[in-house]
Amino acid sequence: MKNARLFLSLALFTFAIAGAFTNKTAKAALTNFPGYIKQNGTCVYKNECSDDVTSTLCTVTNSGGSRIYGMDQGDCTLDLWRVH
């Protein structure tokens, strides 16, 4: 019984550590995209944004402002998210 508890504890600990590293790797794999705003009918570069849909929508400043979009077939219409 004592050996079974030890084995179970080690197995759970191993899975927890592996899960932590797997989660970190997934976050590092995010891609940054150039973000644009539309001024006078033209897309003008503003800053880098992310494709992480669980984040906050990308805006000119961290506290808000105009939304920033990615390029889609020559027009800036794709939603992008804030880089953390």
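Residues numbered from 1 in each chain as written. Predicted model: local features only at pLDDT ≥ 70, side-chain atom pairs only at ≥ 80, totals over all residues. Heavy atoms only, no water.

Engineer: Can you explain the pairing of strand β2 (residues 42-50)? Please cite residues and give values.
Structural biologist: Across 8 bridges, strand β1 (residues 32-39) lies against β2 in antiparallel orientation. Across the sheet, residue glutamine 39 finds its bridge partner in β2, namely threonine 42. Between the end of β1 and the start of β2, which pair antiparallel, lie 2 residues, with asparagine 40 showing a positive phi angle near 50°. (Pairing = 2+ DSSP bridges. Helix = DSSP H or I, 4+ residues; strand = E, 2+ residues; numbered from the N terminus.)

Engineer: Describe the state of the cysteines, with residues and values.
Structural biologist: With the rule as written, the count across this model stands at 2 disulfides. In this model cysteine 43 forms its disulfide with cysteine 76; the gap between the sulfur atoms is 2.2 Å. Judged by the sign of its S-S torsion, about -95°, the cystine formed by cysteine 43 and cysteine 76 is left-handed. Residue cysteine 43 is found in strand β2, and its partner cysteine 76 is found in strand β6 (residues 75-79); the two are separated by 33 residues along the sequence. By the burial criterion, cysteine 43 is buried, and cysteine 76 matches it. Disulfide pairing is shown between cysteine 49 and cysteine 58; the S-S distance is 2.0 Å. (Disulfide = S-S within 2.5 Å. Buried < 20%, exposed > 50% of the residue type's maximum accessible area, 1.4 Å probe, protein only.)

Engineer: A description of the pattern of salt bridges should follow, citing residues and the corresponding values.
Structural biologist: Per the stated rule, a full pass over the model turns up 2 salt bridges. In this structure, aspartate 75 engages lysine 38 in a salt bridge whose closest nitrogen and oxygen atoms are separated by 2.6 Å. Here lysine 38 lies in strand β1 and aspartate 75 lies in strand β6, a separation of 37 residues in the sequence. Between arginine 67 and aspartate 79 there is a salt bridge, with the nearest N and O atoms lying 2.3 Å from each other. (Salt bridge = Lys/Arg side-chain N within 4 Å of Asp/Glu carboxyl O.)

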